[in-house]
Amino acid sequence: MERVWGSLAPFTRARCLQNERALFDHLLKDTVGTPPLPARTSRNGLQWHAHDTRVSDSDPDDVVHSVVVEPAPAASGDEENGAKNPRVDLVLVHGFGNGGGCFFRNVASFGAMGRTHLVDWRGAGMSGRPRSFPPRTYDECVDYLVDGLEAWRASRLDERTRMCLVGHSMGAMIATHYAKRYPSRVAHLVLTGPASVKDDSDPARLANFLQGSPLRRLAFNAVVLAWRAGVTPQAVARWLPASTAMRIGGRYTRVRWRSGDTLDEDGQEVLARYVTGVVRMAPGCSEKVMSVFLKPIGRARRALAAVLEDELDATVPVTFVYGDRDWMSPKSGKECAERMRAGERRSRLKNAEFHLLPNAGHFAFVDQAAPFEAIVRSKWLG
């Protein structure tokens, strides 16, 4: 019985944080020093720290977790420069069902460019799992997640530091709403594979797909019912034996993220453990926004384009980056960027761009790391 329960038990946060430490040590290589050093420094001149930022005074589990990667002080002279000039830090916000480790191919490159923060959503990734999730409506979910990001900023960045804010998928939704509320904090907004730009669903195409196949209709109806009931992929994964979840996580990172292209066998194993921990960490919390933000099968409940075109401060530059095989419609992002440039609010500034990366899917920063990093660098550092 103990063996059965051990295979079903969720990953604790302490265990998942150990997986994260192993992952970043491996990504940055040759880490010297052991905890409890304030920073773990690699021989390539980079150092990384992990931080928890308290959001709620009443719930000790309500913390936003982040990792910062940057040149070691002796290599960068950053503190001296930062005292003279306002600084722009790079802030990366992951998508649904992930954590900052999904940027595993980019952290060393970005960290060598300057101070880079990987921020996990409130109640997701490696962040704490609050005892309750109060939001029920779309606007309440937005406020909950934006409040978490702002609590992190107020604690980790000084008042003169601005952000080049990069959001992926559903993280792009959070980043957009954050920039809408705090435009002065955001030097540039980069949206990669953003979710919910508009509802691109095609009822006729769906009907044709389901026609004549009772099994397809049954499966589709089951998914829709589960979605509306708030069942998440994470909830399903927690019921799997740990060994099965690890096999799925390993296959996903090896096949979808092609982890073997850049990581040795040990690195691939560490990444798989990290991803599995992100998905299985209990209890579920901010994953519940899935059915609030999106209609079944990922359709937009509210169009993000309306926020970008009509509500976001026009002085905030916006760059869209998609892979040409992204299941989030690149066409929607391109049309949104074109409307932003043509609209009266940005007609003079023309500060909205669209980039399409070839041979890339929803994780363009994984599939085409170098061109993605070049685009971000140009917006971050000029």
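Use the structure listed above.
Source: prediction; values computed, not measured.

**Concerning the overall build of the protein chain**
The helix and strand tally for the protein chain stands at 17 helices and 12 strands. Scored against the burial criterion, the 382 residues of the protein chain give a buried share of 52%.

**Some details on the pairing of strand β8 (residues 186–192)**
In terms of residue burial, β8 counts as a mostly covered element, since 6 of its 7 residues are buried. The pairing of strand β7 (residues 162–168) with β8 spans 6 bridges and is parallel. Across the sheet, residue Val166 finds its bridge partner in β8, namely Val190. Taken together, β7, helix α7 (residues 170–181) and β8 constitute a β-α-β crossover, and its handedness is right-handed. Pairing of β8 with strand β11 (residues 318–323) involves 4 bridges; the strand directions are parallel. Among the inter-strand pairings, Thr192 is bridged to a residue of β11, identified as Val321.

**Remarks on the environment of Leu225**
Mapped onto the elements of the fold, Leu225 is located in helix α9 (residues 214–228). Classification of Leu225 by relative accessible area gives exposed; the value is 58%. For the pair Leu225 and Pro296, spaced 71 residues apart in sequence, the C-alpha to C-alpha distance is 8.6 Å.

**Considerations on helix α15 (residues 330–342)**
For an α-helix, the turn length of 3.6 residues means that residues three or four places apart are oriented alike. With 13 residues, α15 should cover 18 Å at 1.5 Å per step; its first-to-last C-alpha distance of 18 Å lies within 8% of that length. Along α15, the positions that sit buried rather than exposed are Pro330, Ser332, Gly333, Cys336, Ala337 and Met340. For α15, the arc enclosing every buried residue in end-on projection is 160°, short of the 170-degree limit, so these residues lie on one face. Seen from the open side of α15, the exposed residues pointing more than 90 degrees away from its buried face are Lys331 and Ala342. Its buried side turned inward, α15 meets α14 (304–311), β11 and β12 (352–357).

**A few points about the packing of aromatic side chains**
Across all of its chains, the model carries 13 aromatic pairs by this definition. Aromatic side chains Phe133 and Tyr144 sit 5.0 Å apart centroid to centroid with 80° between the ring planes, which places their arrangement in the edge-to-face category. In this pair, Phe133 sits in the loop between β6 (116–119) and α6 (138–156) while Tyr144 sits in helix α6, placing the two residues 11 residues apart along the sequence. Looking at Tyr144, the relative accessible area reads 7%, which means it is buried. Members of the aromatic cluster, each reached through a chain of ring pairs, are Phe103, Phe104, Phe110, Tyr252, Trp257, Phe363, Phe365, Phe372 and Trp380. When the ring centre of Phe11 is taken as reference, the NZ or CZ atom of Arg15 above it lies at 3.8 Å. Here the guanidinium or amino end of Arg122 rests over the ring plane of Tyr144, the centre of that ring lying 3.8 Å away.

**A look at empty space enclosed by the protein**
Across all of its chains, the model carries 4 cavities of 30 Å³ or more by this definition. Roughly 100 Å³ of volume is contained in the largest cavity. Lining the largest cavity are 17 residues, with Ala124, Gly125, Arg129, Gln234 and Glu287 positioned closest to its centre. Those elements that place two or more of their residues in the lining of the largest cavity are α10 (233–238) and α12 (265–280). Split by residue class, the lining of the largest cavity holds 6 nonpolar, 8 polar and 3 charged. Forming the walls of the second largest cavity are Val64, Val93, Val119, Asp120, Trp121, Arg122, Leu145, Gly148, Leu149 and Ile174. Among the elements that line the lining of the second largest cavity, the one with the most residues is α6, at 3 residues.

Cut-off values and rules
- Residues numbered from 1 in each chain as written.
- Predicted model: local features only at pLDDT ≥ 70, side-chain atom pairs only at ≥ 80, totals over all residues.
- Heavy atoms only, no water.
- Helix = DSSP H or I, 4+ residues; strand = E, 2+ residues; numbered from the N terminus.
- Buried < 20%, exposed > 50% of the residue type's maximum accessible area, 1.4 Å probe, protein only.
- Pairing = 2+ DSSP bridges.
- Right-handed = clockwise from strand over helix to strand, strands pointing away.
- Expected span 1.5 Å × (residues − 1).
- Arc of directions from axis to C-beta.
- Contact = heavy atoms within 4.5 Å.
- Phe/Tyr/Trp six-rings, centres within 6.5 Å; stacked < 30°, edge-to-face > 60°.
- Lys NZ or Arg CZ within 6 Å of the ring centre and 35° of its normal.
- 1 Å grid on protein atoms, 1.4 Å probe; cavity = no way out; pocket = protein on both sides within 12 Å on 5 of 7 lines; lining within 4 Å.
- Points joined across faces, edges and corners; volume = space filled by probe spheres on them.
- Nonpolar A, V, L, I, M, F, W, Y, C, P; charged D, E, K, R; others polar.

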